[in-house]
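The residues making up each chain are set out below.
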Amino acid sequence: MHYLEVANLAKSFADTSVFKGISFDIRKGEFITLLGPSGCGKSTLLRSLAGLVTPDCGQIRVAGEDITYLKPQLRGIGMVFQHYALFPNLTVAGNVSFGLTMQRLNKAEITRRVGDALELVGLNEREHHYPAQLSGGQRQRVALARALVVRPRILLLDEPLSALDAPIRKHLREQIRTIQRELDLTTVFVTHDQEEALTLSDRVFVMNEGRIVQADTAEAIYTRPANDFVAGFIGNYNLLSAAQAHSLLGLQIRGRLAVRPESIYIRELDKELGRELKQELGLNYGSTLSLPILGKVMGYQLLGNVIRYQIQALNCLLTVDQLNRGAQTILSVGSHLELLFDYKEVQEVAG
């Protein structure tokens, strides 16, 4: 059963349309990510759900209740912002308790719920510290505790991790997902980071120019992009024109061909494709595996456990990812090789 329902929502500022005709449904306890480039409308959509932005038309319903024009404090929605928005003159406990104080709860109840919230985010020993005495990750956890302590029926997160260092960001996103599952909390998360969207979400809503262009599981978004925008935004796809698809693979298509960089196989000249790889693929030339295409390494990037090559093949510059199995296996710039494509792993996409 749908818990959060949005129907035909639209918002413009002056003559500029941010989004229009936005409709979607979210189940109770789902973790949804709004993913897209800057300016696509995702943060404005989130703020419309929170009541911080008034839509021009459309409807927002939570558990059957129309909240489209309800005041923010009456919606039962918690929100975590990118830049914490903490009160510098209040302690951690003071910041977290602020919403409960506004609800006029008694002191004992406030103390108990603040303690529970701080324990949930691992800050129960920092309750008397001030924001200036905390790290960025700790401040964001205070902001999360402040949103959770009021027991919201929906949690909204507006790029809460973008200002944090990579290790802290990874740890905190894992903590957010764990807490969300523990509380069975319906959550909408905004990001432009593809990795965050793919690792956190039950479903991803990819946005572009004020529209949701694809809404699906992370796996489906990654492996079956709906169009060339989604393919170009997710996973470093190679997007080939119809002419390039024909010259490389002999395929006749009308749109464009999307090929993931890890689904192109490299064979060094005068070497057989490894037996283990052939067994793993279960493929034969001329069936699902293409004939070899000559290529030349134009450059590469070391991305930890992955080496990302730029390889010129015929009239195409392709991105090809390989596992990093050691420095001695890295192909130098100028190396000649052969590329093989798995026909099962290529997809025609609309423009």
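Just so it is clear, the model here is predicted, and its values are computed rather than measured. (Residues numbered from 1 in each chain as written. Predicted model: local features only at pLDDT ≥ 70, side-chain atom pairs only at ≥ 80, totals over all residues. Heavy atoms only, no water.)

Caption draft 1: Region of interest: the overall build of the protein. In terms of helices and strands, the protein carries ten helices and 18 strands. Dimensions along the principal axes, computed over C-alpha positions, put the protein at roughly 80 × 45 × 35 Å. In the protein, 64% of the contacts between residues at least 6 apart in sequence involve partners at least 24 apart. Total accessible area on the protein stands at roughly 17,500 Å², and carbon and sulfur atoms take up 49% of it. (Helix = DSSP H or I, 4+ residues; strand = E, 2+ residues; numbered from the N terminus. Contact = heavy atoms within 4.5 Å. Areas by Shrake-Rupley, 256 points an atom, 1.4 Å probe, with all protein chains shown as cover.)

Caption draft 2: Layout of the environment of Leu-200. Mapping Leu-200 onto the fold places it in helix 6 (residues 194-200). With 92 residues separating them along the chain, Leu-200 and Pro-292 place their C-alpha atoms 38 Å apart. With sequence-adjacent residues up to four places away left out, Leu-200 is seen in contact with Phe-31, Arg-173, Arg-177 and Phe-189.

Caption draft 3: Focus on the sheet that holds strand 18 (residues 346-349). Taken in spatial order, the three strands line up as 11-12-18 in an open sheet, and their pairing is antiparallel. Taken across any chain shown, the strands that pair with only one partner, and hence form the sheet edges, are strand 11 (238-240) and strand 18. Taken over all neighbouring pairs, the strand axes of this sheet differ in orientation by 30° on average, direction set aside. Where strand 12 (residues 256-259) meets strand 18, four bridges bridge the pair, whose relative direction is antiparallel. Following the sheet pairing, Arg-256 is matched in strand 18 by Val-349. Sheet contacts for helix 9 (residues 242-249): strand 11, strand 12 and strand 18; angle to strand 11, the most-contacted strand, approximately 100°. (Pairing = 2+ DSSP bridges. Axes fitted to C-alpha atoms, helices over the stretch in contact; angles between N-to-C directions.)

Caption draft 4: Looking closely at the pairing of strand 15 (residues 306-313). With six of eight residues buried, strand 15 lies mostly within the body of the structure. A loop of two residues connects strand 14 (residues 293-303) with strand 15, the two strands running antiparallel in sequence, and Gly-304 in this loop sits at a positive phi of about 75°. In the sheet, strand 15 pairs with strand 16 (residues 316-323) via eight bridges, with the strands oriented antiparallel. When the bridges of strand 16 are listed, Ile-311 appears paired with Leu-318. Linking strand 15 to strand 16, which pair antiparallel, is a turn of two residues; within it Leu-314 sits at a positive phi near 55°. (Buried < 20%, exposed > 50% of the residue type's maximum accessible area, 1.4 Å probe, protein only.)

Caption draft 5: Examining a nonpolar patch on the surface more closely. A cluster of nonpolar residues, Phe-87, Phe-98 and Met-102, forms a patch on the protein surface that exposes about 280 Å² of accessible area. Within the secondary structure layout, Met-102 lies in helix 2 (residues 92-102). Overall, the relative accessible area of 54% leaves Met-102 in the exposed class. (Patch = residues over 30% accessible without salt bridge, like charges linked within 9 Å, V, L, I, M, F, W, Y side chains within 5 Å. Salt bridge = Lys/Arg side-chain N within 4 Å of Asp/Glu carboxyl O.)

Caption draft 6: How the structure looks around the packing of aromatic side chains. On inspection of all chains with the given rule, the structure shows six aromatic pairs. Their ring planes at 50° and their centres at 4.8 Å tell us that Phe-87 and Phe-98 sit as a pair that is tilted. Of this pair, Phe-87 sits in the loop between strand 6 (77-80) and helix 2 while Phe-98 sits in helix 2, placing them eleven residues apart in sequence. Using a relative accessible area of 34% as the deciding quantity, one classes Phe-98 as partly exposed. Seen in terms of ring centroids, Tyr-222 and Tyr-237 are 6.2 Å apart; in terms of plane orientation they differ by 55°. Their pairing is tilted. Of this pair, Tyr-222 sits in helix 7 (residues 218-223) while Tyr-237 sits in the loop between helix 8 (228-233) and strand 11, placing them 15 residues apart in sequence. Of the residues examined, Tyr-237 reaches a relative accessible area of 9% and is grouped as buried. The cationic tip of Lys-28 hangs over the ring face of Tyr-3; the distance from NZ or CZ to the ring centre is 5.4 Å. (Phe/Tyr/Trp six-rings, centres within 6.5 Å; stacked < 30°, edge-to-face > 60°. Lys NZ or Arg CZ within 6 Å of the ring centre and 35° of its normal.)

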